[in-house]
Structures are given as C-alpha cells and as structure tokens.
Amino acid sequence: MAPIPLQRDTVQRPGTTRAGHAHGPRLASRTSLPGIPLAPSAARRFVRAALAEWTGIGVPAAVGFSDRLADDAVTVTNELVTNAVVHAGTTVDLVLRLEEEGGEEPSAALVLEVTDHHPARPVSGDEPGADPGPAGVRPGELPDPAEYGRGLQLVATLADSWGITYRTGLKTVWARLPVDDWSAPLAPPDGEALRRGLRAAEILAPAARRAERDDAVWDSRGAPAFLAEASDLLAGQLDEDLVAAIAGQLLVPRLADWCAIWLEAEGGGPAAEPRLARVWHSDETGTEPLRAVLEREPLRLPAGVGSGPVSVPVPWPAHPVEEDREEDGDREEDGEGREEGREEGREEGRENRQAAPAPPPHPGGRDGAALAFRITAGGRALGTVLVGREGVAQVPEAVASLIEDFVRRLGLAVGAARAYTRQATISRILQRGLLPSKVAEIPGVTSALVYEPSDDGVVGGDFYDIFPCPGDRWCFVLGDVQGSGPEAAVVTGLARPWLRLLSREGFGVGEVLDRLNRLLLDDAMEAAEAAALMVAAAGGQQLHDGTQSRFLSLLYGEVVPLPDGGVRCTVASAGHPLPLLLRPDGSVRPAAEPQVLLGVVEDVAYESQGFDLAPGDTLLCVTDGVTERRSGPLMFDDGDGLARVLAGCAGLPAEATAERIRRAVHEFAEQPPDDDVALLVLHAD
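The structure displayed is predicted, hence computed values, not measured ones.

*Asks:* Where do I start with the overall build of the protein chain in this structure?
*Replies:* The helix and strand inventory of the protein chain stands at 16 helices and 23 strands. Within the protein chain, the proportion of its 685 residues that are buried is 45%. Accessible area of the protein chain: about 33,600 Å², with a carbon and sulfur share of 52%.

Pasting the structure below:
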C-alpha cells in the first residue's frame, strides 16, 4: 500500500507577539488524515516536513529546533494520532502551531493539536476504566504498545503542558513542547540561508544522525522514537526475508555491532532446522566471516525460554593471533630458570608483542557479549534474533529491554508476512485449479487472452474458457463472479464445468444461459435451506457467516467456421460488459444486447445475437475490471473510451490488439488496477 498523500497548508494568523516583532503573526500547518493504520506514519512525515519548511524559510524560532525537539514532536504526534485511529476510528485533523512570545526573555513553543470526530471515546490513558479497550484485551490489562501506542503517559513525560478540549462532535488533544535555547536574532548573518537549508535537510532525514551508536539516547525519549520508526518500516512488508533484512539494518550499528536472524520453517515441526535468514555486521568485511561461523550450527534456545534476553557465548573461537601470544608467553616463562635466558626471553616476548598485528574488526576474538531473543507471534515461536557487541562484558540493561521490544514488533511483522504468504499461496493454487490449463485453438480465428488478477492475495472472481464442442463448434466464455475469495471460487468452480457440460449437450447459446441460471438459483436455494437448518439448530438466532448471493455476469459465445472464410458467431451477454465488434475500416459497434445477471431472476429467457466475423474483423470481450478502471471520478469506458481505443487497433493482429488495450487500461491511472483485468480478443484470419 502506498503512503498516504499529505495536503499541507501553512498559514500566518494573528496570535501571540513574536519576539522582536510587535504584534507579529504565528505559523500553523494543518492536515487531515483518514482513520487507518497508515495515518501515524503519515503524521510523522507531516511534522518533520513542517519543521523543515519553517527552518528553511528562516523563521526565527527555528534556530532552537534541536534534534531532541524534532524527535519529541514526532513521538508525541505518533502517540496522539495512534490513539485517535485506534480508539475513535474517524478522520484525524492534525495542527502544528509555532507560538512565539516576546518580552525581556523571548520564548517559543510548538503546539500539537490532534482532533478526532468521536468525542465519546476517551484516549488511551485518559479516565481509566471508561474505555472498554481494544478487542481481546481484558479490563485492567494494558494493550500491547506495538499495536495500540503508549497513551498520555508518554505525552505527559515529553510535553511541557497538555490537555483535552471537547467541542460539539469533536475531541482535541493538545500538547505544548518548548523550543530549546532560543533567542531571536536581530539580523541574519552571512551564510545563514545555507545553514538553514542544511538544518532543514537534517530534520527531514533524521536517520543520518543515528549512523553511530550512542547508548545515551535510549532513554524515555529516544526509545519510543526508535520503536515508532521500526514499526513504520516493518509494517506492511509482505515478505519475511525482507522483514529480516530491515530488522538487521535497524539493529546494526545503532544497538549492536552485529546480528543474525534465524526463522523457523513454517509447519516443519520441532525437528526442522531453522534457516539463517539474515546476517549483518557493522563492518562490511565482517558479514561473510560471521555468516560462515553461524552457518555451522543454528542457534537453538531451550523450549522454556520466553521473549526476554538470553545471554549466550560469542559463537566463534579465539583468533590465531591470540594463540600465538599464548605460545610466546609460554616460551618466556621457560626462560625464567636461567639468568641470561630470562632477559633474552623477555626481550623476545616484547618484540613479538610489538610485531603482532591487532585483531581484525570482524569475528575472531573472544571478547564481547551476545544476547539471544526468541521471535514469537500469537504464542508461536517463529525464530531467533542473536545480537552482539564487541569489546564489552555485557549489553546495557536499557538496550536489552529496547531490543526485546523491537523483537516483539519483529514477530508481529513476520507473523503478518507469513499469513499473507499462506493466503497468497492458497489463492494461487485455487486460481490455477479454477482456470483452464490451456485454451483451444479455433480454426480460422486467432485468439489472444489477457488475465491479470488483482494483487491482493485473494482468489479473483474473473474466469475464462475456450473449448471445442461436437458439431464443429467452438465455445468461449468470459465471466465475473460477484465478490472475491472463497465465495467467488465456489461459484467459479460450479459455473465453468456446468457451461462445458451444457454446451456439449447441444443446447443453443440462449438455452445454455437459461439452464445455468436455474442451476445457480437451485444451488442458492439449497444454501438458504442449509442456513435455515443452522438457524434452527442455534435456537432461532440469526447467524451471520458473511455468505454472499451466488450470481455472476457472463459473456458466452459459439463460433462455427464458414466455408468461404470467417466464422459465424453467436453471443449472449448476461449482465456483462457488451462485446465490441471492430471492422477493418475502424468502425466499432456492440455485438450483443444487455440482459439480466445470472442467478438473480428465475423467470427469464435469455436471447442470443448472431453475426458473421469476416476476415479482418475483431471481437473484443472484457470484464468490468477494464470498463470500470478508475482514475479519480472518471472510469475508463466513460464516453465510449474502450470503443475509441479499440478503433485505433484496426488492422492489428489479436496479440497486438490485446496488448494495446491492456496498456491503455494500465496507463489510465497512476495506481495499479484494484480489480481483476481480463480480456479476450478473437480475430478472423
């Protein structure tokens, strides 16, 4: 999913007096965000962009925008917007205001205001007991901060003052952060514009300031900012190897000198060997030697170990240089028994020690500390994270606690990626089973097919088929089942075999649709009777199982070759986009009449339309994923858009026509299609 686009307004409005400017204005930037999980990350980007903009235009108070102030503002914004999304679920309005006060001691402050449209729902940490809390969290328990934020306790820690304002239909939570060490300059010195530009770049790219590890920043302020950044980067990743790669780069070098991540084989059982998914070292030359050492034996934690840190030995032997030093010491001790040998041995030992090279920065020494953490999600072990620091006896407790919180988020990301992978795999298997492995070739006709399921990991509702029938006939089908997922798969699994059976029994085009309509209605009636029995068994209570009505749109046709060339084509459309007939002169017309969907009305007689597909003619059949492709308020087929594109394909073979239509559909909007795209082109040779 792409990031939320931000629409920021920066305005000057009357307010408190600006230092050095009588009755000066105050700055405010505002935006609105949808109440979805991506809103907090969009809010963080908005705050950094606003601070960078004010710094770049030379606002006097921007001189006091320290790294800590920027991080605090981002952290407070993240917590307040997360609260609004989780507990209110409405559109969130965010205002960032810069207030400056003059006088003998000028001062400035950032004021953050987060407004939601559900004032009846308190925020996390406000009035304990009033909010039932997230689903699955028992009263009195604190929800997982990785999903629900830390609440107003964190805001109270970082802000100089904060509060909640209730208005009709609105609730605003505000926080005031003082600008550090500021005094208004009377005139900008030379080179000030360049300095402001560089400072704005630093605010927009805070990661550069974390290139080197500094344990002093992992206090109550630095840790939440790091975890917020980690959650933002890990969320939405649908590949577990990519999740592991991102995790390694977040840990090294900020929290550790090196790390390794093992992932358990899904469904492999306790005997399955974990896979070394990622190895990362602060020194690039140390990554491969570290991987070679770790691949010898996977790290396995005892079964009773939880998610907390476990101290483990550094997983490599002593460097040969150290062994040489020990031998030198032994030789020196052997010379102590003799007066002359003692002095010579000491001198030799000193020379050897001076000549001995320093140990390399990559694995090879015993010194250092290592901690292992189990990756879990939903009570299941998903893998292990091993982190290490060189040249220290132990990892600081605050850092170990921060890594534990990070690994908890890593487990959620790996679990989500695996759930998506399972769903996508099942969908691909179902999709392959519901569609024909190959389509038949029609004599005298060249066919081209484009089928692109939407990239959402769910079984699509579009299906197609071309198959031969007795009597020198060939039939083609293009259908679209209502909805997607298992319900759509059930209807597709019924409709395509029924169509083949009815067509080969010799029924005409209209009769095939009549019988298929009755079969779908009978199947729906059986499903309704089964649901009624379930209701009776439940004591008369209505059950909501999310089932859908089983109806579909269908374009069904029959092709018979003609002795003098070309084919006779008979088609019927049941609630489907109409097929378009392209003549060699570029004229385009619909080749069928619109009729009702299948599986909706019982007493309906479907009719077919026949025409000759002469040599050079082209028949285009599409699903609504083509005609209803959207770009803002517009659709692809508005104003006969599909017919205009098809008219430009006169004289092209079937493959070229299909490719031009496909490209036009994709180029109609910047975003990828959100529905299945299926089109069939028949070109008479």
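*Asks:* What is the right way to look at the nonpolar core in this model?
*Replies:* Side chains of nonpolar character tend, in soluble globular proteins, to be buried together. Counting 49 residues, the largest nonpolar core has F463, F476, L552, L554, Y556, L598 and L619 as the members making the most contacts within it. At six residues, strand β14 (residues 473-481) tops the list of elements feeding residues into this core. In contact with L554, other than residues within four places in its own chain, are F463, V477, L478, G479, L499, L513, L516, A572, S573, A574, H576 and L598. Counting residues in each nonpolar core, the second largest holds 38 residues, with W54, F65, L96 and L152 among its members.

*Asks:* Mind showing me how you'd approach helix α8 (residues 287-294) here?
*Replies:* Count 3.6 residues to each turn of an α-helix, and residues three or four apart come out pointing the same way. Of the positions making up α8, those classed as buried are T287, L290, V293 and L294. Seen end-on, α8 carries its buried residues on one side only, within an arc spanning 130°. Looking at the packing, one finds that the buried side of α8 touches β7 (258-263), β8 (275-281) and β11 (380-389).

*Asks:* Any chance you could explain the sheet that holds β7 here in plain terms?
*Replies:* Backbone-to-backbone hydrogen bonds join strands into a sheet, with any given pair of strands oriented parallel or antiparallel. One open sheet accounts for five strands, arranged β8-β7-β11-β10-β9; its pairing is antiparallel. On the outer flanks of this sheet lie β8 and β9 (310-312), each paired with one strand and no other. The sheet shows a mean angle of 25° between the axes of neighbouring strands, direction not considered. Pairing geometry for β9 and strand β10 (residues 369-377), over three bridges, is antiparallel. If you follow V312 over to β10, its bridge partner there is A370. Where helix α7 (residues 240-251) meets the sheet, its contacts fall on β7, β8 and β11, and the angle it forms with β8 comes to roughly 25°.

*Asks:* It is not clear to me how the pattern of salt bridges should be interpreted in this structure. Could you clarify?
*Replies:* Opposite charge on two side chains makes pairing possible when the charged atoms of those side chains draw close. Overall, the coordinates contain 22 salt bridges when judged by the stated rule. In this structure, R408 and D405 form a salt bridge, with 2.8 Å as the shortest nitrogen-oxygen distance. Residue R408 and its partner D405 are both found in helix α11 (residues 397-434); the two are separated by three residues, about one turn of the helix. Taking the relative accessible area as the measure of exposure, R408 reaches 31% and is therefore partly exposed. Here D405 falls in the buried class, since its relative accessible area comes to 19%. Its salt-bridge partner being E659, residue R663 comes within 3.5 Å of it at the nearest N-O pair.

*Asks:* Explain the side chain of R44 here, please?
*Replies:* The topology assignment puts R44 in helix α1 (residues 39-56). Of the residues examined, R44 reaches a relative accessible area of 11% and is grouped as buried. Discounting residues that sit within four places of it in the chain, R44 has contacts with V74, N78, A228 and D232.

*Asks:* What exactly am I supposed to notice about the packing of aromatic side chains here?
*Replies:* The geometry of an aromatic ring pair is captured by the separation of the ring centres together with the interplanar angle, meaning the angle of the planes. Going through the model one piece at a time under the given rule, you end up with three aromatic pairs. Judged by centre distance (5.8 Å) and plane angle (35°), the ring pair of F226 and F406 falls under tilted. Placement of F226 in helix α6 (residues 222-234) and of F406 in helix α11 is noted, with a sequence separation of 180 residues between them. Of the two residues examined, F226 and F406, each falls in the buried class. Judged by centre distance (5.6 Å) and plane angle (55°), the ring pair of Y451 and Y464 falls under tilted. In this pair, Y451 is assigned in strand β12 (residues 445-452) and Y464 in strand β13 (residues 462-469), connecting sequence segments 13 residues apart. You can call Y451 buried: its relative accessible area is 18%. Given the relative accessible area of 13%, Y464 is considered buried.

*Asks:* Help me understand the sheet that holds β12, please; the structure alone is not making it clear to me.
*Replies:* Pairing is antiparallel in the open sheet, where five strands are placed in the order β12-β23-β20-β17-β18. A single partner strand is all that each edge strand has here, and the edge strands are β12 and β18 (588-590). Direction aside, the axes of adjacent strands within the sheet are offset by 20° on average. Summarising the sheet, β12 and strand β23 (residues 677-684) pair through eight bridges and their orientation is antiparallel. The residue of β23 that forms the bridge with A448 is V681.

*Asks:* Looking at this model, I keep getting lost on the side chain of T384. Mind explaining?
*Replies:* Structurally, the position occupied by T384 is in strand β11. The exposure class of T384 is buried, given its relative accessible area of 3%.

*Asks:* Is there a simple way to explain the environment of A416 in this structure?
*Replies:* The residue A416 is located in helix α11 in this model. Note on A416: relative accessible area 44%, which makes it partly exposed. Placed 176 residues apart in sequence, A416 and E240 show a C-alpha to C-alpha distance of 8.7 Å.

*Asks:* Would you mind going over the packing of α1 against helix α2 (residues 67-87) with me for this structure?
*Replies:* In helix packing, the relevant descriptors are the interaxial angle and the interaxial distance, both defined with respect to the helix axes. It is at 8 Å that the axes of α1 and α2 come closest, and there the two elements cross at 150°. Between α1 and α2, the angle falls in the class roughly antiparallel. Crossing angle aside, the handedness with which α1 passes α2 is right-handed. Between α1 and α2, the contacting residues are A39, P40, A43, R44, V47, R48 and L51 on the first element and A70, D71, A73, V74, T77, N78, V81, T82 and V85 on the second. Split into classes, the residues belonging to the contact of α1 with α2 amount to 10 nonpolar, three polar and three charged.

*Asks:* What is the right way to read α6 from this model?
*Replies:* Spanning 13 residues, α6 covers 18 Å between terminal C-alpha atoms, matching the ideal 18 Å at 1.5 Å per step. What α6 keeps buried is the set G222, A223, P224, A225, F226, L227, A228, A230 and L234. Taken from the residues just after α6, G236 is the one with a positive phi, measuring 85°.

Calculation notes
Residues numbered from 1 in each chain as written. Predicted model: local features only at pLDDT ≥ 70, side-chain atom pairs only at ≥ 80, totals over all residues. Heavy atoms only, no water. Helix = DSSP H or I, 4+ residues; strand = E, 2+ residues; numbered from the N terminus. Buried < 20%, exposed > 50% of the residue type's maximum accessible area, 1.4 Å probe, protein only. Areas by Shrake-Rupley, 256 points an atom, 1.4 Å probe, with all protein chains shown as cover. Core = buried A, V, L, I, M, F, W, Y, C linked by side-chain atoms within 4.5 Å. Contact = heavy atoms within 4.5 Å. Arc of directions from axis to C-beta. Pairing = 2+ DSSP bridges. Axes fitted to C-alpha atoms, helices over the stretch in contact; angles between N-to-C directions. Salt bridge = Lys/Arg side-chain N within 4 Å of Asp/Glu carboxyl O. Phe/Tyr/Trp six-rings, centres within 6.5 Å; stacked < 30°, edge-to-face > 60°. Parallel < 35°, antiparallel > 145°, perpendicular 65-115°, else oblique. Left-handed = near helix turned anticlockwise from the far one by under 90°. Nonpolar A, V, L, I, M, F, W, Y, C, P; charged D, E, K, R; others polar. Expected span 1.5 Å × (residues − 1).

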